Amino acid sequence: MKFTKNPFKRIQRILITLFSSLCLTFGALFLSGCNKALDLTEYVSEYRSNVFIYNDKDFSVKARSVEKEYPYVADGYKGELTHRTEIFITLPKGVEACSVRFSVDGKEYGGDASYDNVKQQFYFSCGANVSALHTLPLALTFCDEEKQLSLPSVRGNELTLQKAIDAVFSQEKELLKSLQNGKEFLGEIYVRLLYEDATYFYVGVVDRNGNTTAFLLDGKSGKILAKRSS
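The paragraphs below set out a description of the structure included in this document. Values in this document were obtained by computation on a predicted structure and should not be read as measured data. (Residues numbered from 1 in each chain as written. Predicted model: local features only at pLDDT ≥ 70, side-chain atom pairs only at ≥ 80, totals over all residues. Heavy atoms only, no water.)

Turning our attention to the sheet that holds strand β5 (residues 107-112). Spatial strand order, β5-β4-β8-β9: four strands in an open sheet with antiparallel pairing. The outermost strands of the open sheet, each flanked by one partner alone, are β5 and β9 (145-152). Neighbour-to-neighbour, the strand axes of the sheet open up by a mean angle of 20°, direction not taken into account. Bridging between strand β4 (residues 98-104) and strand β8 (residues 135-142) involves four bridges; their strand directions are antiparallel. If you follow Val-100 over to β8, its bridge partner there is Leu-140. (Pairing = 2+ DSSP bridges. Helix = DSSP H or I, 4+ residues; strand = E, 2+ residues; numbered from the N terminus. Axes fitted to C-alpha atoms, helices over the stretch in contact; angles between N-to-C directions.)

Quick look at the pattern of salt bridges now. In total, this model carries eight salt bridges according to the counting rule given. One salt bridge in this structure joins Glu-86 and Lys-68, with 3.3 Å as the shortest N-O distance. Of this pair, Glu-86 sits in strand β3 (residues 80-90) while Lys-68 sits in strand β2 (residues 60-70), and the two are 18 residues apart along the sequence. We classify Lys-68 as buried; its relative accessible area is 18%. Across the pair Lys-220 and Glu-158 runs a salt bridge whose closest N-O atoms are separated by 2.7 Å. Pair noted here: Lys-220 is in the loop between β14 (212-218) and β15 (224-229) and Glu-158 is in the loop between β9 and α2 (161-169), with a separation of 62 residues, a long-range link. Overall, the relative accessible area of 45% leaves Lys-220 in the partly exposed class. Taken together, the shared-partner salt bridges connect Arg-64, Lys-68 and Glu-86 into one network. (Salt bridge = Lys/Arg side-chain N within 4 Å of Asp/Glu carboxyl O. Buried < 20%, exposed > 50% of the residue type's maximum accessible area, 1.4 Å probe, protein only.)

Nothing here speaks to function; it is geometry throughout.
Rendered as structure tokens:
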């Protein structure tokens, strides 16, 4: 006499195999999450990623692409970030007003620039994101004349955001250790691209008492050129 195999035992073996596979999968995901390295870019509360410059014999224009927190407070805590384009215009003495106009991805931006009496230059800011541009076309109007300008970016093979941060903390391990609590960084980071005949990065590290340790880096090599605490 032949006996039929018990189908319930076969189903039981299949369920056990599936359950074991799921346990292994979720276990691996959990361990990978636990072993995730600290991503310091998540603590950046200001990143000036691009700078555009135009110089003429009578005037100059500088534009900056910035992503920064709002409200802007150096308190060691990162806030919500927004994109801004900041434009600074130096005109001949006696010019009382000017305006700018440009477009990004088909959207128009522009308006009257305000005058800064201390810096003796005009200033305009808007919510445009020009971080990825190599050139910023811009119309500048003053003295009833509109000038069509093309502002080239100063960026070439400069450090990325990640590499600028790594350049600091690879050389300042004790600073990182003092601000790290397990997988949490107890502070915020400012990274600003600068240009003065060459490119540099300002990297400011702010702890939760408002103390700042600032570094000036070579824009390409990441070498620390200066350090200051305040």
